[in-house]
Amino acid sequence: MRRAWRLSAVGLAALAALGLTASAAAQPAGSVDHGRFLVLQGCAGCHGVGELGASPNPRAPTFPMVRSSLSRPQLRAVLGRLSRNGHVEMPPIYMSDQDIADIAAYIGTLRARPRQSGPVRRL
Ligand code: HEC
């Protein structure tokens, strides 16, 4: 009995937390976790996608550099363009609107760094 009550109290608390999260994110929000998953899969071969370190492809900006040079709306526009046209040296990687929102949300969590060098680059 007592245990059942505790479980439902936890359930109610979880529902309340979900409700708070949903109302805090009034804009169509991206999923940071899914964005991280996508960039690890599709972008990390060339870009430094985390807080630290250089890009494997030195011509590709790290994502903290991207974060500092583009606002969120600009980033979404650029990702849309990359999804349709590709980069200079790579074919288009198709990203749905939701993928773009997720990747933009993930990049938005990174600390902006206008310039970044990592251990690989300093050598
Ligand atoms: C094959 C290597 C490669 C892969 C894979 C790659 N990129 Fe890039 N990316 C580059 C290079 C090189 C540049 C810099 C030259 C350019 O702008 O085309 C760049 C530039 C960018 C920029 C900055 C563009 C601007 O106009 O400022 C963004 C944003 C970006 N990439 C996002 C991504 C995302 C998101 C992915 C994964 C879905 C990805 N890239 C995968 C090589 C790559």
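Here, every reference points to the structure presented above.
What counts as what
- Residues numbered from 1 in each chain as written.
- Predicted model: local features only at pLDDT ≥ 70, side-chain atom pairs only at ≥ 80, totals over all residues.
- Axes fitted to C-alpha atoms, helices over the stretch in contact; angles between N-to-C directions.
- Helix = DSSP H or I, 4+ residues; strand = E, 2+ residues; numbered from the N terminus.
- Parallel < 35°, antiparallel > 145°, perpendicular 65-115°, else oblique.
- Left-handed = near helix turned anticlockwise from the far one by under 90°.
- Contact = placed C-beta atoms within 7 Å.
- Nonpolar A, V, L, I, M, F, W, Y, C, P; charged D, E, K, R; others polar.
- Expected span 1.5 Å × (residues − 1).
- Near = placed C-beta within 6 Å.
- Buried ≥ 20, exposed ≤ 12 C-beta atoms within 10 Å, placed from the backbone.

Two quantities define a packed helix pair, namely the angle between the axes and the distance from one axis to the other. Two numbers describe how helix H4 (residues 72-85) lies on helix H5 (residues 97-108): the axes approach to 10 Å, and their chain directions differ by 135°. What the angle tells us is that H4 and H5 run oblique. Note that H4 runs across H5; the crossing there is right-handed. Listed contacts from H5 to Arg72, Leu75, Arg76, Leu79, Gly80 and Ser83 of H4 are Ile100, Ile103, Ala104, Ile107 and Gly108. Per-class residue counts for the contact of H4 with H5 are 6 nonpolar, 3 polar and 2 charged.

On to H4. In this model H4 runs 20 Å from its N-terminal to its C-terminal C-alpha over 14 residues, within 8% of the 20 Å that 1.5 Å per residue would give. Two residues or fewer after H4 comes Gly86, characterised by a positive phi angle close to 80°.

Around the ligand, the surrounding shell holds 20 residues, and the nearest of these are Gly42, Cys43, Cys46, Ala60 and Val88. When residues of the shell around the ligand are traced back to their parent elements, those giving at least two are helix H2 (32-42) and H4. In terms of residue count, the dominant contributor to the shell around the ligand is H4 (3 residues).

Here Gln74 is to be found in helix H4. Using a count of 12 C-beta atoms within 10 Å as the deciding quantity, one classes Gln74 as exposed.

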